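# Structure assessment
Chain residues, written in single-letter form:
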Amino acid sequence: MYGTVYGSDTDCAVGRRELVRHQWVNLAEEAEPLAFARAQVRQTLDGRASASVVNDAVLVASELVGNALRHTTPGPDCMNVEVYRDAAVLWVHDSGTDTDSVKPRANTSNDELLESGRGLQLIDELTARWFVQPTAIGKMVVAVVELDDRGTT
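What counts and how
Residues numbered from 1 in each chain as written. Predicted model: local features only at pLDDT ≥ 70, side-chain atom pairs only at ≥ 80, totals over all residues. Heavy atoms only, no water. Buried < 20%, exposed > 50% of the residue type's maximum accessible area, 1.4 Å probe, protein only. Helix = DSSP H or I, 4+ residues; strand = E, 2+ residues; numbered from the N terminus. Pairing = 2+ DSSP bridges. Core = buried A, V, L, I, M, F, W, Y, C linked by side-chain atoms within 4.5 Å. Contact = heavy atoms within 4.5 Å. Polar contact = N/O pair within 3.5 Å; in protein donor to acceptor, adjacent residues only side chain to side chain.

### Brief notes about the pairing of strand S3 (residues 87-94)
Extensive coverage of S3 is indicated by the burial of eight of its eight residues. Neither face of S3 is open: one carries Ala-87, Val-89, Trp-91 and His-93, the other Ala-88, Leu-90, Val-92 and Asp-94, and all of them are buried. Where strand S2 (residues 76-84) lies against S3, seven bridges are found, and the strand directions are antiparallel. Bridge pairing links Met-79 to Val-92 in S3. If you look at the hairpin formed by S2 and S3, you'll find two residues sitting between the two strands. In the sheet, S3 pairs with strand S5 (residues 138-146) via eight bridges, with the strands oriented antiparallel. Across the sheet, residue Val-92 finds its bridge partner in S5, namely Val-141.

### Here we look at the nonpolar core
Core analysis: the largest hydrophobic core is formed by 29 residues, its most contacted members being Val-41, Leu-45, Leu-64, Met-79, Trp-130 and Leu-147. Among the elements of the structure, helix H2 (33-45), helix H3 (51-71), S2, S3, helix H4 (119-126) and S5 are those that each provide at least two residues to this core. Per-element tally for this core: the top contributor is H3, with nine residues. Non-local contacts of Leu-147, meaning those with residues more than four positions away in its chain, are made with Leu-45, Arg-48, Ala-49, Val-53, Val-83, Tyr-84, Arg-85, Asp-86, Ala-87 and Ala-88. Core analysis: the next-biggest nonpolar cluster, separate from the first, contains nine residues, Cys-78, Ala-87, Val-89 and Trp-91 among them.

### Focus on unusual backbone geometry
Of note, the amide linkage connecting Thr-73 to Pro-74 takes the cis form, showing an omega dihedral of 15°. One can find Pro-74 in the loop between H3 and S2.

### Some details on the environment of Ser-95
In this structure, Ser-95 sits in the loop between S3 and H4. Residue class for Ser-95 comes out partly exposed when judged on its relative accessible area of 32%. Sequence separation between Ser-95 and Pro-74 is 21 residues; the distance between their C-alpha atoms is 7.6 Å. When near neighbours in sequence (up to four residues on either side) are disregarded, Ser-95 contacts Thr-73, Pro-74, Gly-75, Asp-77, Ile-137 and Gly-138. There is a polar contact of 3.3 Å between the side chain of Ser-95 and the backbone oxygen of Thr-73.

Written as structure tokens, this is what we have:
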């Protein structure tokens, strides 16, 4: 079942499925957590979806980890990737407790060259669903990426 860690919010979002693959990643001890997270997502999804969908999932993970690096101290502590037949659930946990600040910023500028502030909007576009959930020691941001038929382009 999806959401064995996340509870009823994930259960309602993605329904019940059989776990195909699982990867838990310790990011706290990594010198380069972004690169490590991207590599782990790519490896975990290898052979489970088209290259395009894998690239989207890698980008989502990169945004989640990058946000935790930029907005929390000491940054992300772990990432989890659960792969099901038709979806991957990625979550990144950090010790920050402010769940209200994790939401897409309203696009108030027409400047398409902005270098920051669009990560959660990108996640919103690339995922079936995402949400933030408080934990006993911080928060986790969860993203559900729909998978296509394995090996299609």
